[in-house]
Each structure stands twice: as C-alpha cells, then as structure tokens.
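# Breakdown of the fold
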Protein chains: 2
Amino acid sequence: MLDECKALSNETRLRILDWLKDPEANFACGDTAELGVCAGLIQLKAGTSASTVSAHLAVLQRAGFLRATRRGQWIYYRRDEARIRAFTETLHRSL
Amino acid sequence: MLDECKALSNETRLRILDWLKDPEANFACGDTAELGVCAGLIQLKAGTSASTVSAHLAVLQRAGFLRATRRGQWIYYRRDEARIRAFTETLHRSL
DNA sequence: TCGGTATTTCGCTTATTGCCGAAACTATCC
DNA sequence: GGATAGTTTCGGCAATAAGCGAAATACCGA
C-alpha cells in the first residue's frame, strides 16, 4: 500500500501509466498489443534521460503496476491490469 | 490526484487515517462522534513531536482527507468520508 | 490582564527522491 | 570476435520531504 502510493506520487510515473493504457495511440509503433512499449519510446515521450526513465519504470514495476518482457535487445513494458485493479479495490476497501 | 497520492505516501499519515476510522476504539476519549479527535491525542498515539504531527495533519487536510474543527483550545480532526470515497473512485476509474 | 494549555509556525538538520552523464551489461549484426 | 544499439547500474548533485525544539499564536479560566 505504501509502496504503491509512493509509486503514484510522481507526475512522470502517472503519465507513463496513462500512456500505456493505449500504446497504439500514444506511441508511434505498431504491434504493441501483447508486449507493450519499449523503454526507448517511453523515454522519448517523457523527455528525460534514459537513466531517469529507467528508474521510474523500475519503481512502477516494483509496485506491481508494470510488467517487463525482454525481446532481443529491447525491453517492453506493459500495464498489469489485474494488479492495478486489485490495488484500487484494496484502496477503496481499506482507506 | 498527485497531491492525494503524496499524502498517502507516508506510514504515519496512513495510520492516522486508519485510527480515525474508529476514534472511540483507538483513542481513550469519548464524545468523538461528531467532532473527531484532538491533535494532542493523535500526537500521543503517533509518538512523534507536536510539530511533526501538526505537519502531517496539515498535509492530510490539504489533500481533502481530513476536516478540522476548533472547539475552544482544541482542534478536532475527523475523516472526510465523502472526499475519501470520491478519491478512491476517481482512482479506480482513471488509473 | 495574567498564567496555563493546545496547536501551529519557524529555523534547522537529516533522509529520501529525482535527475543526469558515464560506465557496464545484453543482445544483434557483420 | 568487434562494432553498434538498447537498457540498466553507478556516483554524484539538487530538490523535496520528514523530523525536532523553540518561539509564536489561540483560547480559556481565574
């Protein structure tokens, strides 16, 4: 609960989560349905350094909101809808 | 949304919100039904300095989760259930 | 008005977070 | 194997958050 809230306490991370709700619309790359979006594209859209965006992605992943898949030299990130829903429901129940 | 999440990103603040769900059970003082619990009792329970707990209460109030009422020399704090519910529902809808 | 209690504000120190560039790691292509 | 591209890790610096004690403010009762 604490870690999840901390993960959501940053503008850039909130935007990343939002962008990944519709990868096709927000990133100029097809074939994102299953895998998600690679880190480089997220970095471009966020407009920060690679290391910074990597740290953000790690925080979101540790909180359980994102899942990562390596495919060749790319690492693709996508939302974990089940975990996100579980969190919002837990919050609704216990806050 | 950001401010609300930041307000929840602290162990002590989460505990305060939880305690205030049942003031009678968590604080040794009757008559809390309408007004809530005064800052001093919250400070005692939290085990930190008065200034620290005052800052936490201010953060929770700014986020909309708490309402304060002055009664004489005491300031009573209680949850704003409507705002809390509104927040969790917004989060569920937009996250 | 004075003295006492409750709470907040101020000034300061320490801890955490956010950001960057450089270096390291991983995989591809030749 | 060597060069190249994508991503993460490391080391350091700036900004924000969290904590405290002392001082200021607010209210009450005598």
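Refer to the structure presented above.
This write-up is about the structure you can find in this document. Keep in mind that what you see is a predicted model, and the values were worked out from it rather than measured.

Across the contact, 21 residues belong to chain A and 21 residues belong to chain B. Carbon and sulfur atoms supply 70% of the area that chain A and chain B bury against each other, a total of about 1,800 Å² over both sides. Contact with chain B buries area across many residues of chain A, yet Leu2(A), His92(A) and Leu95(A) alone supply 35% of it, more than any other trio. For the pair chain A and chain B, the interface holds 0 salt bridges. Our count for the contact surface shared by chain A and chain B stands at 11 residue pairs in polar contact (both at pLDDT 80 or more). When residues of the side of chain A that touches chain B are traced back to their parent elements, those giving at least two are helix H1 (2-7), helix H2 (11-19) and helix H6 (81-94) of chain A. Counting residues per element, the side of chain A that touches chain B draws most heavily on H6(A), at 8 residues. When the residues that make up the side of chain A that touches chain B are grouped by side-chain class, the tally is 10 nonpolar, 5 polar and 6 charged.

In the vicinity of DNA strand C there are 21 residues, among which Thr52(A), His56(A), Gly40(B), Gln73(B) and Tyr77(B) approach most closely. The sugar-phosphate portion of DNA strand C accounts for 70% of its atoms within 4 Å of the protein, the bases making up the rest. Within the contact set of DNA strand C, a phosphate oxygen lies 2.8 Å away from a backbone nitrogen or oxygen of Ser49(A). Contacts to DNA strand C include Ile75(B), whose backbone N or O atom sits 3.4 Å from a phosphate oxygen. Of all elements in the fold, only helix H5 (50-62) of chain A together with helix H4 (39-46), helix H5 (50-62) and strand E3 (74-79) of chain B reach the threshold of two or more residues within the surface near DNA strand C.

Residue and element names in this part refer to chain A. Locating leucine 44 in the fold gives a position in helix H4 (residues 39-46). According to the relative accessible area criterion, leucine 44 is exposed, its value standing at 66%. Leucine 44 sits 17 residues away from phenylalanine 27 along the chain, and the two C-alpha atoms are 9.6 Å apart.

A separate point is the relation of the copies chain A and chain B. Superposing chain A onto chain B takes a rotation of 179 degrees plus a shift of 0.0 Å along the axis, which leaves an RMSD of 0.0 Å. Look at the turn and shift together and you get a two-fold axis relating the two. Among all C-alpha atoms of chain A, that of Cys5(A) lies closest to the rotation axis, at 2.8 Å. Most of the interface of chain A is mirrored in chain B, where 100% of its interface residues again form contacts.

Turning next to the packing of aromatic side chains. Residues and elements named next belong to chain A. Considering all chains together, one arrives at 4 aromatic pairs over all chains under this definition. Arranged with centres 6.3 Å apart and planes meeting at 85 degrees, the rings of tryptophan 19 and phenylalanine 27 form a pair that is edge-to-face. Given the relative accessible area of 10%, tryptophan 19 is considered buried. Here phenylalanine 27 falls in the buried class, since its relative accessible area comes to 4%. Where phenylalanine 65 meets phenylalanine 87, the ring centres are 5.5 Å apart and the plane angle is 65 degrees; that geometry is what we call edge-to-face. Of this pair, phenylalanine 65 sits in the loop between H5 and strand E2 (66-71) while phenylalanine 87 is found in helix H6, placing the two residues 22 residues apart along the sequence. Here phenylalanine 65 falls in the buried class, since its relative accessible area comes to 1%. Here the guanidinium or amino end of lysine 45 rests over the ring plane of phenylalanine 27, the centre of that ring lying 5.8 Å away.

The rules we used
Residues numbered from 1 in each chain as written. Chains lettered and ligands numbered in written order. Predicted model: local features only at pLDDT ≥ 70, side-chain atom pairs only at ≥ 80, totals over all residues. Heavy atoms only, no water. Contact = heavy atoms within 4.5 Å. Buried area = accessible area lost by both parts, 1.4 Å probe. Salt bridge = Lys/Arg side-chain N within 4 Å of Asp/Glu carboxyl O. Polar contact = N/O pair within 3.5 Å; in protein donor to acceptor, adjacent residues only side chain to side chain. Helix = DSSP H or I, 4+ residues; strand = E, 2+ residues; numbered from the N terminus. Nonpolar A, V, L, I, M, F, W, Y, C, P; charged D, E, K, R; others polar. Near = heavy atom within 4 Å. Buried < 20%, exposed > 50% of the residue type's maximum accessible area, 1.4 Å probe, protein only. Least-squares fit on C-alpha atoms with pLDDT ≥ 70 in both. Phe/Tyr/Trp six-rings, centres within 6.5 Å; stacked < 30°, edge-to-face > 60°. Lys NZ or Arg CZ within 6 Å of the ring centre and 35° of its normal.

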